[in-house]
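What the coordinates show
Spelled out from the first residue to the last, the chains are:
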Protein chains: 6
Amino acid sequence: MRLLLVNPNTSESLTALLAAAAFPAASPTTQIEAITAPRGVPYIATRADAVFGAAVAIEMLAAHHQRFDAAIIAAFGDPGLGAARELMSIPVVGLAEAGMLAACLLGRRFGIVSFAVALEPWYRECVAWHGLEGRCSGIRTLDSPFSAIGEVQHEKADLLVALAGRAIREDGADVIVLAGAPLAGLAALVRDRIDVPVVDCMAAAVKQAEMLVALDPRKPVAGTYRRPAYKESSGLDPSVAALISGK
Amino acid sequence: MRLLLVNPNTSESLTALLAAAAFPAASPTTQIEAITAPRGVPYIATRADAVFGAAVAIEMLAAHHQRFDAAIIAAFGDPGLGAARELMSIPVVGLAEAGMLAACLLGRRFGIVSFAVALEPWYRECVAWHGLEGRCSGIRTLDSPFSAIGEVQHEKADLLVALAGRAIREDGADVIVLAGAPLAGLAALVRDRIDVPVVDCMAAAVKQAEMLVALDPRKPVAGTYRRPAYKESSGLDPSVAALISGK
Amino acid sequence: MRLLLVNPNTSESLTALLAAAAFPAASPTTQIEAITAPRGVPYIATRADAVFGAAVAIEMLAAHHQRFDAAIIAAFGDPGLGAARELMSIPVVGLAEAGMLAACLLGRRFGIVSFAVALEPWYRECVAWHGLEGRCSGIRTLDSPFSAIGEVQHEKADLLVALAGRAIREDGADVIVLAGAPLAGLAALVRDRIDVPVVDCMAAAVKQAEMLVALDPRKPVAGTYRRPAYKESSGLDPSVAALISGK
Amino acid sequence: MRLLLVNPNTSESLTALLAAAAFPAASPTTQIEAITAPRGVPYIATRADAVFGAAVAIEMLAAHHQRFDAAIIAAFGDPGLGAARELMSIPVVGLAEAGMLAACLLGRRFGIVSFAVALEPWYRECVAWHGLEGRCSGIRTLDSPFSAIGEVQHEKADLLVALAGRAIREDGADVIVLAGAPLAGLAALVRDRIDVPVVDCMAAAVKQAEMLVALDPRKPVAGTYRRPAYKESSGLDPSVAALISGK
Amino acid sequence: MRLLLVNPNTSESLTALLAAAAFPAASPTTQIEAITAPRGVPYIATRADAVFGAAVAIEMLAAHHQRFDAAIIAAFGDPGLGAARELMSIPVVGLAEAGMLAACLLGRRFGIVSFAVALEPWYRECVAWHGLEGRCSGIRTLDSPFSAIGEVQHEKADLLVALAGRAIREDGADVIVLAGAPLAGLAALVRDRIDVPVVDCMAAAVKQAEMLVALDPRKPVAGTYRRPAYKESSGLDPSVAALISGK
Amino acid sequence: MRLLLVNPNTSESLTALLAAAAFPAASPTTQIEAITAPRGVPYIATRADAVFGAAVAIEMLAAHHQRFDAAIIAAFGDPGLGAARELMSIPVVGLAEAGMLAACLLGRRFGIVSFAVALEPWYRECVAWHGLEGRCSGIRTLDSPFSAIGEVQHEKADLLVALAGRAIREDGADVIVLAGAPLAGLAALVRDRIDVPVVDCMAAAVKQAEMLVALDPRKPVAGTYRRPAYKESSGLDPSVAALISGK
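Residues numbered from 1 in each chain as written. Chains lettered and ligands numbered in written order. Predicted model: local features only at pLDDT ≥ 70, side-chain atom pairs only at ≥ 80, totals over all residues. Heavy atoms only, no water.

1. Notes on the relation of the copies chain B and chain C
To keep it simple, the criterion reads: Least-squares superposition of the copies uses the C-alpha atoms of those residues scoring a pLDDT of at least 70 in each of them. Contact definition: two residues touch when any of their heavy atoms are within 4.5 Å.
Superposing chain B onto chain C requires a rotation of 180° together with a translation of 0.0 Å along the rotation axis, leaving an RMSD of 0.0 Å. Taken together, the rotation angle and the small translation identify this as a two-fold axis. By C-alpha distance to the rotation axis, the residue of chain B lying nearest is Leu 101 of chain B, at 3.2 Å. Comparing interface residues between copies, 98% of those in chain B also lie at the interface in chain C; the contact surface is shared.

So this is what it looks like as structure tokens:
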């Protein structure tokens, strides 16, 4: 199967991190292609960033999806995921969704741990959008500056391990979700330093995408993810306009 | 006070409808200016449409907000509302939010009534995003084609009245929210044909915006709507880029 | 429009405070008349107080409502609000309801801050009755005696500001609702000392009442706020008896 | 033990019905005294009625509680129950509460069945106040006039049995709560005609009151039902005023 | 009436404790017979223990129920309760259920206090299964070893009283449920040292069972506790096999 | 990886069906071994059946888990899943859980469709236990007898397709979960006759188990799935006793 990894952030370093975490998780027959947002912000952190990240993610999917069997939107808040499910005929998985649903298989409640306090409001809305508030013990974030987004997982590894410990002891987390594209791949490195299972969202997303392809789901023609009626638009990205208009 | 009415749909006819419903509700000292989306779809109906509607709404606000005391995003699903609250220093009100909160003052549960079945999934997510599922008795939509978006309220008035009746009798609605920019102004016309109060979202939004200006709220420097840290971007609309970067 | 401000507490000093906060918020064409409970307790603080406050509020409304376009029940727990909506043909707004719904327009979750620990149980039930638990980050109250109910907002201003700070930092409040008639008018005085928007419930109630009059809602003949069937009673206040019996 | 049965309705016929259902359920050592509301409405049916029913119930308790070990507020919506728990040093049980909690021992979800459509809004608020919405499959009421409140259970027995059947088949009720003082005693008569257990609220209330006396709970000095601080009042019923002021 | 007290733990000392707490609560006409699990663990503490406790509880009920009018499963997590309600024609009450429902009559929210940290996950699932999460202020457990399960209530009485105090002050408990068979009878001993009412689950269970017998509920033939269709099994306990097969 | 498929039903025909659905979903490097319950009922359908199914599932896992990298409890209600997670050091996946979480990736709300009305109460508790009530549009079951449990999917295929249609149109399901071991493998056969994606739980469970092995989670030493303290037991299955005692 061919799997498209859409990084809606503009940082190539994050794409590299994501790909490095994705490849080892993939089955031998899964081919992954990772692409970086052509416009937007280096790292999506807020609801405002996510508005544009969602639009860019759909543009990237519109331009490239036809060559793939499934796709992953690789930013933790899953920008544009609902829209992608409406428009695309292939399965699309969100990074946050993949990590949280994997965590549900490992514990009653998962704790979300991330590296920047700015992320919390958007992440919280993401948990709610997925209807998983009852399974989430809380969101904990570091509150100190970092040097470079591509290096934050190394720079902050010790602090993140400590934060995971607080999520376990104080919030009652049964499992830790390391959240955010910049933390892709970190779980394996800190696995033995955290008292409960740790989920790598990127690895989880690859496996969930493989599962969906194995399940061979049809494109719905009913329900809320049915293909919307074709319509005209003006001024939108040409790939998106074509997708929306069916032309 | 000066109030910006942002229509994130590209239909000028909807802007005219919205303005016509807004003006009579405004206090004598309120000046309303209505603007139409420069790009997007004629009428936002789906989650996919809303992704681009949100981006355009923020672009419109970024370009114009400085001359205003408050703004309204005048599409029922409130595209971009959270982002607007992060970025703007003036109060921003959503059309759906305004209608639903006004309805809360008139009944235990409000029924949402609209004209197209395509709207239901997006509206449902909007109700949930606002945390008002417990106050909503349900969403009912017509399921028949219409001639022109700017005329739908006249063409379908009788059917919408009948649908409101079902919302009252079968769902237990205490109050009806006529949802969607194309229905702006309809409430006054059908008021006496529906057994419970009917809320015009556009009128409600104008009054809620006036209330917020009267309350004179500060721009938060804490909480989830604090101004995000300034950051660089690439390829975004220049007004948005300036707003995000603080330059 | 003519707006009746019902203070269900027996303290004239509170009526004066409420009126002083209400008048500046009113539109030029709004005439406000404030009346004080003829019996009851100086300040409603508990569920027990509220039982009698509710009865007195309905008696006051029954006696006076016919000369008004809308009314406000000006005690934070909204005593008698549901009953008032059943019996009255004019819109009735609760002080708590008005403040909380206004706060919903300014933040994801509002923190309720008040001056006496005795109020918390009743306030909590009020939040639940309105179905707004998911929008409330918590209730925080001072726990120290005060000199006079009419002076408590001045005496405790610094402590209340500090308490609001805790609601923001520890509970995650995006906006603060200063709760209780004795705090009417305080928001404007402490606005710049609190990091998020602060809602004055009295001002919000006036604007919400104006909104309802602008929306011109009909008296429902269906739904849970329809006029109850007329019935006889014995021993009740004559105005109430007349209202209930339709005579 | 001595048990006070407070009927907050003014109908003596209901007091007789309630007493007739209560006596057989009582243990030999339980002495029940039933009293009728000296003022109010013949049968509390709405939120408006309940405001005055709550006040009268507290007045009745204030005047009589000192001679009793426990009390029951014998109207299904439990008017004044929270206030009674604050003010009284003896256990107080609500008729609705007793029936619903007994039903929880017999099924996953209970269906509430009653005789008049006017009751539904108030009953619904009562279920919510008790936090039992998740255990309630729905409320079903007859919608036809009846001859006399004291005879309604006989007149409508067949219709109520049929309605219970619908609650079971259509709503998924595991157990039926026959709601409202006028239905006291009916459960035994229709027991064999309904496919699931039927709860008589009056009998349940007697047994729950006996349980509370057996548990010998202390009057709380903490928590939300602690005795409120003594305070002055004006114009209230003398027994209530004495209770509130501690004099 | 004859009441079967099923102790699904294998500790005879717990059966003695349970019986000692049950007898004083019983009415003169109630005869209680207490039996101890013939296999399993000395004290059920975890979800794993409860799997086997549930099976053994059903086996004990299957073997003995025919001589009784009602039964109690006397372990706080109510192992096998749902299954018992399906299979048995007599009312069955759970120890946790009885304590929690009694507590609902005494406060808005109950705090669960117990003696071992291992119990918390299972207890939490029990609260959720009963749909009482909204009425529970939290679960607090001691985290120190004890000498003998039959003596833990005496050994830890002071610590449990202190823990109850924290549940009241920090969690907002209105009432304390002392949870777990090893704490049966403790409530009466510490009643005056805790600021809110304390519920003894064993005493509550006896009274609830008496209530159910007084209500004389029929065995449902509809709803989720109807008798399952008879079926064959293999390798199960003979009493259970007979019950399942109807032979 | 080596994957243990535990069928807690005693029907060999179901084991064959489950295995036939599992094998095609497995990666080339996954070896699956399927075992059948040595005691219990042919098909677990009720809460009572599940009590014994849970015990047997743990016995089967205790006896065999050491040779495997992961295990699946292959009955839709996931009997014993929580206990298995406590006791086992390998990941354990439930059939219901796997299907429901896979469905979450394909739609807002999933509809559960099964073949026997007896299953509904137990399935409903399973959905609640997983905290997925908000993602479930409802459970629909056939209500007619069938010939043989191993043939039910063929015999009832048309009726199940029709039932799925009702779940989509009347309940708003975005995706259908065909529930119950007897339906394993049916999804592929009816895929094109249902308007939304259909999830085969057995296939989903295999892929979820592969995902968990890929994520390489540690056995928790904290949280609610930490290994319980070792303890003695009496009369339990020797493998279980050894697991519980650590000997």
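2. Some remarks on the interface of chain B and chain C
Put simply, the rule reads: When two parts are brought into contact, each loses some accessible area as probed by a 1.4 Å sphere; the total of that loss over both is the buried area. Whenever Lys or Arg places a side-chain nitrogen within 4 Å of a carboxyl oxygen from Asp or Glu, that contact is recorded as a salt bridge. N or O atoms closer than or at 3.5 Å make up a polar contact, with two conditions inside protein: a donor-capable atom paired with an acceptor-capable one, and, for residues adjacent in sequence, both atoms drawn from side chains. Counting from the N terminus, the helices are DSSP H or I runs at least four residues long and the strands are E runs at least two residues long.
Opposite the 46 residues of chain B that make contact, chain C presents 45 residues. In total, chain B and chain C occlude about 3900 Å² of area from one another, counting both sides; carbon and sulfur atoms represent 63% of this. On the chain B side of the contact with chain C, Leu 105, Arg 108 and Arg 218 of chain B bury the most area, a combined 19% of that side's loss. Counting across the chain B and chain C interface gives two salt bridges. The residue Asp 216 of chain B makes a salt bridge to Arg 191 of chain C at a minimum N-O spacing of 3.4 Å. Counting the contacts that link chain B with chain C gives 16 residue pairs in polar contact (both at pLDDT 80 or more). Residue assignment for the side of chain B that touches chain C shows that the elements contributing at least two residues are strand 4 (92–94), helix 4 (95–104), strand 8 (198–200) and helix 9 (201–215) of chain B.

3. Concerning the packing of aromatic side chains
Residues and elements named next belong to chain C. As a reminder, the rule being used: Pairs were defined over the aromatic rings of Phe, Tyr and Trp, the Trp ring being its six-membered one, requiring ring centres within 6.5 Å. Orientation was assigned from the angle between planes: stacked under 30 degrees, edge-to-face over 60, tilted for the rest. Think of it in three bands: residues with accessible area under 20% of the maximum for their type are buried, residues over 50% are exposed, and the middle band is partly exposed, with areas taken using a 1.4 Å probe on protein chains only.
Applying the stated criterion to the full structure yields 24 aromatic pairs over all chains. Seen in terms of ring centroids, Phe 76 and Tyr 123 are 4.6 Å apart; in terms of plane orientation they differ by 55°. Their pairing is tilted. Taken together, the residues span a long stretch of sequence, with Phe 76 in the loop between strand 3 (70–73) and helix 3 (81–87) and Tyr 123 in helix 5 (residues 120–129) at a distance of 47 residues. Classification of Tyr 123 as buried rests on a relative accessible area of 0%.

4. Looking at the packing of helix 4 (residues 95–104) of chain A against helix 9 (residues 201–215) of chain A
Residues and elements named next belong to chain A. Under the convention used in this document: To get an axis, fit a line to the C-alpha atoms, keeping to the stretch in contact for a helix; angles then go from 0 to 180 degrees between the N-to-C directions. Here is the rule for angles: anything less than 35 degrees is roughly parallel, anything more than 145 is roughly antiparallel, 65 through 115 is roughly perpendicular, and the remaining ranges are oblique. Polar here means any residue outside two lists: the nonpolar Ala, Val, Leu, Ile, Met, Phe, Trp, Tyr, Cys and Pro, and the charged Asp, Glu, Lys and Arg; Gly therefore counts as polar.
Remark: helix 4 packs on helix 9, axes separated minimally by 8 Å, with the N-to-C direction vectors making an angle of 90°. Between helix 4 and helix 9, the angle is such that the two are roughly perpendicular. Where helix 4 abuts helix 9, its residues Leu 95, Ala 98, Gly 99, Leu 101 and Ala 102 lie against Cys 201, Met 202, Ala 204, Ala 205 and Gln 208. The residue inventory of the contact of helix 4 with helix 9, partitioned by class, reads eight nonpolar, two polar and no charged.

5. Regarding the pairing of strand 3 (residues 70–73) of chain A
Residues and elements named next belong to chain A. Threshold: What makes two strands pair is DSSP finding at least two bridges between them. Every crossover in which the path from the first strand over the helix to the second runs clockwise, viewed with the strands pointing away from the viewer, is termed right-handed.
Here strand 3 shows two buried faces, one formed by Ala 70 and Ile 72 and the other by Ala 71 and Ile 73. Where strand 1 (residues 2–7) and strand 3 come together, four bridges link them in parallel fashion. Bridged to Leu 4 within strand 3 is Ala 71. Pairing geometry for strand 3 and strand 4 (residues 92–94), over three bridges, is parallel. If you follow Ala 71 over to strand 4, its bridge partner there is Val 92. A crossover links strand 3 with its parallel partner strand 4, the connecting element being helix 3 (residues 81–87), and its sense is right-handed.

6. Section: unusual backbone geometry
Its identity as a non-glycine residue notwithstanding, Asp 216 of chain A has a phi of 50°, on the positive side. Along the chain, Asp 216 of chain A turns up in the loop between helix 9 and helix 10 (238–245).

7. Focus on the pattern of salt bridges
The full count for this structure, using the stated rule, is 96 salt bridges over all chains. For the salt bridge of Glu 232 of chain F with Lys 247 of chain F, the shortest nitrogen-to-oxygen distance reads 2.9 Å. Placement of Glu 232 of chain F in the loop between helix 9 (201–215) and helix 10 (238–245) and of Lys 247 of chain F in the segment after helix 10 is noted, with a sequence separation of 15 residues between them. Glu 232 of chain F gets classed as partly exposed once you look at its relative accessible area, which sits at 43%. Here the salt bridges do not stand alone but share partners, grouping Arg 47 and Glu 125 of chain A, Glu 86 of chain B together with Arg 108 of chain C into one network.

8. Concerning the environment of Leu 186 of chain A
All names here are of chain A. Considering the arrangement of structural elements, one finds Leu 186 in helix 8 (residues 186–190). On the accessibility criterion, Leu 186 (2% relative accessible area) is buried. Along the sequence, Leu 186 and Gln 153 sit 33 residues apart, while their C-alpha atoms lie 6.5 Å from each other.

9. Details of the sheet that holds strand 1 (residues 2–7) of chain C
Residues and elements named next belong to chain C. Across the sheet, four strands lie side by side as 2-1-3-4; this open sheet has parallel pairing. The open sheet is flanked by strand 2 (31–36) and strand 4 (92–94), the only strands paired with a single partner. Shown here is a sheet whose adjacent strand axes are inclined to one another by a mean of 20°, direction ignored. Note: strand 1 against strand 2, six bridges, orientation parallel. Across the sheet, residue Arg 2 finds its bridge partner in strand 2, namely Gln 31. The sheet strands contacting helix 1 (residues 12–25) are strand 1 and strand 2, and the helix crosses strand 2 at an angle near 165°. On top of the sheet, helix 9 (residues 201–215) reaches strand 1, strand 2, strand 3 and strand 4; it is set at about 155° to strand 3, its chief contact.

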